[in-house]
Amino acid sequence: MDLTDKAAPAVAPEQGGSVAEELAYRLRQQQLAAEYGLFALRTHDTAALLQEATRVCALGLHSELCKVMEYLPDERQFVVRAGVGWKPGVVGHVRTGADLESPAGYAFRTGEPVISNHLQAETRFRTPSILVEHGVRRAVNVLIQGESKRFGVLEVDSPTEGRFTHADLAFLQGFANLLGVAIERQEAEEALRASENRTQANETLLQGALAHQEVLMREISHRVKNSLSIVAGLLSMQGRTATDPALRQALEDARSRVQTIAGVHDRLWRSDEIHSVNLAEFMGELCEELRSSARPGQTLVCDFASVSVATDQAVPLGLLANELVTNAFKYAYPDGGGEVRLSIHPGEAGCLRITACDRGAGLPPGFDAGRSRSLGMKLIATLGRQLGGEPTWECAEPGTRFLLDFLPRPGSRDKA
């Protein structure tokens, strides 16, 4: 997974970020979860699946330490199966208690997440020696569970002062739910491969295993969408209680963006083909949703080439289209309705060109997209770079035109 983020900083609450920076932080968490969902569907290596999960969760919570602990029934304790930030000799070897007196044990046995923001003053549980040795000050533990059994615990730790919030917990629990199904899918695939190596005689068993794998793949998508919807709901609740109109609008914009990610992800996995999508069909559905949420007098005209693009390009494409259309309606026609045109067609050198244009107020004097402090403009720039292109803004006289050329990647299938 390539999760390099060149966008404006997404600052966690404990780091004193502004409202816009914290919203970018929450949005980034959901992008990480969605992108990991794609990775989980494409990898066939359980060790890589677990290791990548720890890396992404540490990145998502701005922490140095993260680990996956697998429960060993015969030993009645955990083993650190994967992790980042730990001293040599920890991953694959260190055992920790799984009883109710330990944070991880409590989360595993009760299914309830555990946040400990002040381990030095913790009275509910004993602090595991591995955390003391690494100077950990705060930790959060959540259960990893598949459809049929509990695997272990996902834990993020930090040696810095601060706090893990309930929004962080929603991200981590949703991620753990996704990981649990992904692990179970891996086990089903391994059982299937072993069965194929042994014999081809039992066709019914093979078909059943394949059907079970398909169910698990759909469940991964379902859990990602649910996780995103939880965060959208949290933002909506915060918006309703906000008294500052600017903050209320910022929270509503963030909720809309997270909900768009959920919708995009849902549309991707309702398709029979998981490696690529038909651009015209995928973007056409998204535009219908944008039309349904437009105000009276606002018109969206769409035109897309019928070509295939890789699934991991469809996510930023959908988000980019959402930002371009909503920004155009908001700023090009502040006093009423108007028309926005959105198209994607083949350009030069095998590229696809995204064009969004309006006939509204036009660009403000001295406009510089690179210096804009608008979260929407920063997201557009970031999404453009994720697609491998450089956004261009032009005066259309009247109105504004946005252009972006990017090279489509065909969907590919990893070899088992």
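Calculation rules
One numbering rule holds for all chains: residues counted from 1, following each sequence as written. In keeping with the predicted nature of the model, local features appear solely for residues at pLDDT of at least 70, side-chain atom pairs appear and are counted solely at 80 or more, and the whole-chain, interface and lining totals rest on all residues. Derived side-chain values reflect all non-hydrogen atoms in the structure, with water molecules and hydrogen atoms excluded from consideration. Convention adopted: a line fitted to C-alpha atoms gives each axis, helices being fitted over their contacting stretch, and angles between N-to-C directions are expressed from 0 to 180 degrees. Runs of E in the DSSP output that reach at least two residues are strands. Runs of H or I that reach at least four are helices, and both are numbered from the N terminus. We call two directions roughly parallel when the angle between them is under 35 degrees, roughly antiparallel when it is over 145, roughly perpendicular when it lies between 65 and 115, and oblique otherwise. Crossings are assigned a handedness: left-handed for a near helix turned anticlockwise from the far helix by less than a right angle, right-handed for a clockwise turn. Between two residues, a contact is recorded if the distance between any of their heavy atoms is within 4.5 Å. Amino acids are sorted into nonpolar (Ala, Val, Leu, Ile, Met, Phe, Trp, Tyr, Cys and Pro), charged (Asp, Glu, Lys and Arg) and polar (every other residue, Gly among them). Note on pairing: DSSP must find at least two bridges between two strands before they are called paired. Residues belong to a common nonpolar core when they are buried Ala, Val, Leu, Ile, Met, Phe, Trp, Tyr or Cys residues joined through side-chain atoms within 4.5 Å. Categorising residues by exposure relies on relative accessible area from a 1.4 Å probe, with only protein chains included: less than 20% of the type maximum marks a residue as buried, more than 50% marks it as exposed, and the intermediate range marks it as partly exposed.

(A) The arrangement of the packing of helix α9 (residues 311–331) against helix α10 (residues 375–386) in detail. Where α9 contacts α10, the two axes come as close as 9 Å, and the packing angle between them is 150°. Comparing their axes, α10 and α9 come out roughly antiparallel. The chirality of how α9 crosses α10 is left-handed. From α9, Pro316, Leu319, Leu320, Glu323, Leu324 and Asn327 reach across to α10, where they touch Gly376, Leu379, Ile380, Leu383 and Gln386. Looking at the contact of α9 with α10 residue by residue, the class counts come to 7 nonpolar, 3 polar and 1 charged.

(B) Representation of the sheet that holds strand β5 (residues 138–145) within the structure. Across the sheet, which stays open at both edges, the 6 strands sit in the order β3-β2-β1-β6-β5-β4 with antiparallel pairing between neighbours. Taken across any chain shown, the strands that pair with only one partner, and hence form the sheet edges, are β3 (95–97) and β4 (114–116). Adjacent strand axes in the sheet meet at a mean angle of 30° when their direction is disregarded. Helix-sheet contacts for helix α3 (residues 103–110) involve β1 (65–72), β2 (77–84), β3, β4, β5 and β6 (150–158), and the interaxial angle to β6 is about 145°.

(C) Summary view of the packing of helix α8 (residues 279–292) against α9. At a minimum axis separation of 11 Å, α8 and α9 run at an interaxial angle of 35°. The chirality of how α8 crosses α9 is right-handed. Within the contact between the two elements, α8 uses Leu279, Phe282, Met283, Leu286 and Leu290 and α9 uses Ala314, Leu317, Gly318, Ala321, Asn322 and Val325. Looking at the contact of α8 with α9 residue by residue, the class counts come to 9 nonpolar, 2 polar and no charged.

(D) The arrangement of the nonpolar core in detail. Residues Met283, Leu300, Leu317, Leu320, Leu342, Ile344 and Ile354 are the most contacted members of the largest nonpolar core, which totals 47 residues. Aside from chain neighbours lying at most four places away, what touches leucine 317 is Leu279, Met283, Val309, Ile344, Ile354, Leu387 and Phe406. With 34 residues, the next largest nonpolar core counts Leu32, Tyr36, Val68 and Leu172 among its residues.

(E) Quick look at the sheet that holds strand β10 (residues 338–346). One open sheet accounts for 5 strands, arranged β8-β10-β11-β13-β12; its pairing is mixed. In the strand order of this sheet, the two ends are held by β8 (298–304) and β12 (392–395), each with one partner. Direction aside, the axes of adjacent strands within the sheet are offset by 15° on average. Of the pairings in the sheet, the one linking β12 to strand β13 (residues 400–406) comprises 4 bridges and is antiparallel in character. Looking at β13, one finds that glutamate 394 is bridged to arginine 401.

(F) Spatial organisation of the environment of serine 129. Note on placement: serine 129 falls in helix α4 (residues 129–133). Among the residues examined, serine 129 registers a relative accessible area of 53% and is labelled exposed. Sequence separation of serine 129 and threonine 96 is 33 residues, and the distance between their C-alpha atoms is 8.5 Å.

(G) Molecular detail of the environment of valine 114. Structurally, valine 114 can be placed in strand β4. A sequence separation of 11 residues divides valine 114 from proline 103, and the C-alpha atoms of the two residues are 6.3 Å apart. Aside from chain neighbours lying at most four places away, what touches valine 114 is Pro103, Tyr106, Ala107, Arg124, Phe125, Ala139, Val140 and Asn141.

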